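A closer look at the structure
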Amino acid sequence: PCIFEQWGIDRGAIELVRSIHSNSYYTYGELESAILAPKGGRQGCSFGAILFNAVYAIALTECHNIMRELGVTFAAKQHVSLPWQDSLAASPAQKDACDATYVDDEALVIMASNSAVLDKSIDIMLTTLVKTFSKFSLTINWAPGKTEIMLKYRGNHATAALEKRRVNGNIAVALPPEASAEYVKVVDKYKHLGSITSISNCDTYEVQHRCSEASAAYGPIACKVFGSPKIGVWLKFHFMDSLIMSRLMYCIHTLTLRPGCIAKLNAV
């Protein structure tokens, strides 16, 4: 049965939600005919997030449990303090972890003691993802720019292990047969949730991205807003803070910046 039935939700409520999202139709402008939407989420629906999370959270939990049973997790420790406790007396809480998820963006991390263990863990992770997501009718977009891998081998035979991944001149990781693609691309940097992470742990790419975003926001309003004598200074500062500096300096304290990166930010 559907998840809502498993949860014991009233049948009438289930049918009401189903009627909103299944075979719904709508009109546009002065069109004489209606447009049918046989499936998919309906934009603006108050139940949208609940419907998505109802399936996605269960799939992620199952993936996590399988990988934990197979030993592909690590212990994440967080010092948790209650408001009435001294911060120094905070007790560390430990949980098994392997991923970080925001809405439908999923990031997984695997660390291993050697190349062979890393390769084995990657295969376990990909097989678990493909099989579990298929079970819940969730589709993974394996296209470059959508799903990519940052891969770094260390220690003995690191170069040989990386070369084994080379396919037609490019480094890639083979996917399980059940996946909708053969390989997933290996990259040295990846944009996730608006920030760029690099395999070299260098913030240069992130700084370049921030400068580009800030400049792109400034360009269209450079003359119309900042060059206009009819707009007050306080309003110009408001535009600067909300549209430009927000892109340039967001969470800047989390970056370890070299002098060259600081110079790029300062130039903008």
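Scope of this entry: the structure provided in the associated data block.

Definitions and cut-offs
- Residues numbered from 1 in each chain as written.
- Predicted model: local features only at pLDDT ≥ 70, side-chain atom pairs only at ≥ 80, totals over all residues.
- Heavy atoms only, no water.
- Patch = residues over 30% accessible without salt bridge, like charges linked within 9 Å, V, L, I, M, F, W, Y side chains within 5 Å.
- Areas by Shrake-Rupley, 256 points an atom, 1.4 Å probe, with all protein chains shown as cover.
- Salt bridge = Lys/Arg side-chain N within 4 Å of Asp/Glu carboxyl O.
- Helix = DSSP H or I, 4+ residues; strand = E, 2+ residues; numbered from the N terminus.
- Buried < 20%, exposed > 50% of the residue type's maximum accessible area, 1.4 Å probe, protein only.
- Axes fitted to C-alpha atoms, helices over the stretch in contact; angles between N-to-C directions.
- Parallel < 35°, antiparallel > 145°, perpendicular 65-115°, else oblique.
- Contact = heavy atoms within 4.5 Å.
- Phe/Tyr/Trp six-rings, centres within 6.5 Å; stacked < 30°, edge-to-face > 60°.
- Lys NZ or Arg CZ within 6 Å of the ring centre and 35° of its normal.
- Pairing = 2+ DSSP bridges.
- Nonpolar A, V, L, I, M, F, W, Y, C, P; charged D, E, K, R; others polar.

Some details on a nonpolar patch on the surface
- A cluster of nonpolar residues, Tyr26, Tyr28, Leu31 and Ile35, forms a patch on the protein surface that exposes about 430 Å² of accessible area.
- Within the element layout of this structure, Tyr28 appears in the loop between β1 (24-26) and β2 (35-37).

Topic: the pattern of salt bridges
- Here the structure, examined in full by the defined rule, presents seven salt bridges.
- The partner of Lys135 in a salt bridge is Glu62, and the shortest N-O contact between them spans 3.0 Å. Of this pair, Lys135 sits in helix α4 (residues 115-135) while Glu62 sits in helix α3 (residues 48-69), and the two are 73 residues apart along the sequence.
- Among the ionic pairs, Glu163 bridges to Arg166, the shortest N-O distance being 2.9 Å.
- Note on Glu163: relative accessible area 39%, which makes it partly exposed.
- Among the ionic contacts, a cluster of salt bridges with common partners joins Glu5, Arg11, Glu15 and Arg18.

What to know about the packing of helix α6 (residues 204-218) against helix α8 (residues 233-248)
- At a minimum axis distance of 7 Å, the contact between α6 and α8 shows a crossing angle of 170°. In terms of orientation, α6 lies roughly antiparallel with respect to α8. Residue-level inspection shows Arg210, Cys211, Glu213, Ala214, Ala217 and Tyr218 of α6 in contact with α8, the latter providing Leu243, Ile244, Arg247 and Leu248.

What about the packing of aromatic side chains?
- All told, the structure shown has four aromatic pairs when counted by the stated rule.
- Judged by centre distance (4.9 Å) and plane angle (35°), the ring pair of Phe52 and Tyr56 falls under tilted. With Phe52 and Tyr56 both in helix α3 and four residues apart, this pair spans about one turn of that helix.
- For Phe52, a relative accessible area of 30% puts it in the partly exposed group.
- A relative accessible area of 6% means that Tyr56 is categorised as buried.
- An aromatic cluster is present here, built from Phe52, Tyr56 and Phe133 joined pairwise through their rings.
- The ring of Tyr205 carries Lys189 above its face, with NZ or CZ at 4.7 Å from the centroid.

What to know about the sheet that holds strand β8 (residues 170-174)
- Taking strand neighbours across the sheet as the criterion, the three strands line up as β7-β8-β9 in an open arrangement whose pairing is antiparallel. Each having just a single partner strand, β7 (166-167) and β9 (183-185) make up the two edges of the open sheet.
- Both β7 and β8 contribute to a ladder of two bridges, which runs antiparallel. Its bridge partner being in β8, Val167 is matched across the sheet by Asn170.

Details of the packing of α6 against helix α9 (residues 259-267)
- Between α6 and α9, the shortest axis-to-axis distance is 9 Å and the interhelical angle comes to 5°. By the angle class used here, α6 and α9 are roughly parallel. Contacts from Thr204, Val207, Gln208, Arg210 and Cys211 in α6 reach Cys261, Lys264 and Leu265 in α9.
- Considered class by class, the residues forming the contact of α6 with α9 number four nonpolar, two polar and two charged.

Focus: the environment of Cys98
- Mapped onto the fold, Cys98 is located in the loop between β4 (91-97) and β5 (99-102).
- What makes Cys98 buried here is its relative accessible area of 4%.
- Distance in space between the C-alpha atoms of Cys98 and Arg68 is 8.6 Å, their sequence separation being 30 residues.
- Excluding anything up to four places from it in sequence, Cys98 contacts His64, Met67, Val72, Thr73, Phe74, Ala107, Leu108 and Val109.

Quick notes on the environment of His157
- Looking at the secondary structure, you find His157 in the loop between α4 and α5 (158-163).
- Classification of His157 by relative accessible area gives exposed; the value is 65%.
- Separated by 81 residues in the primary sequence, His157 and His238 have C-alpha atoms spaced 55 Å apart.

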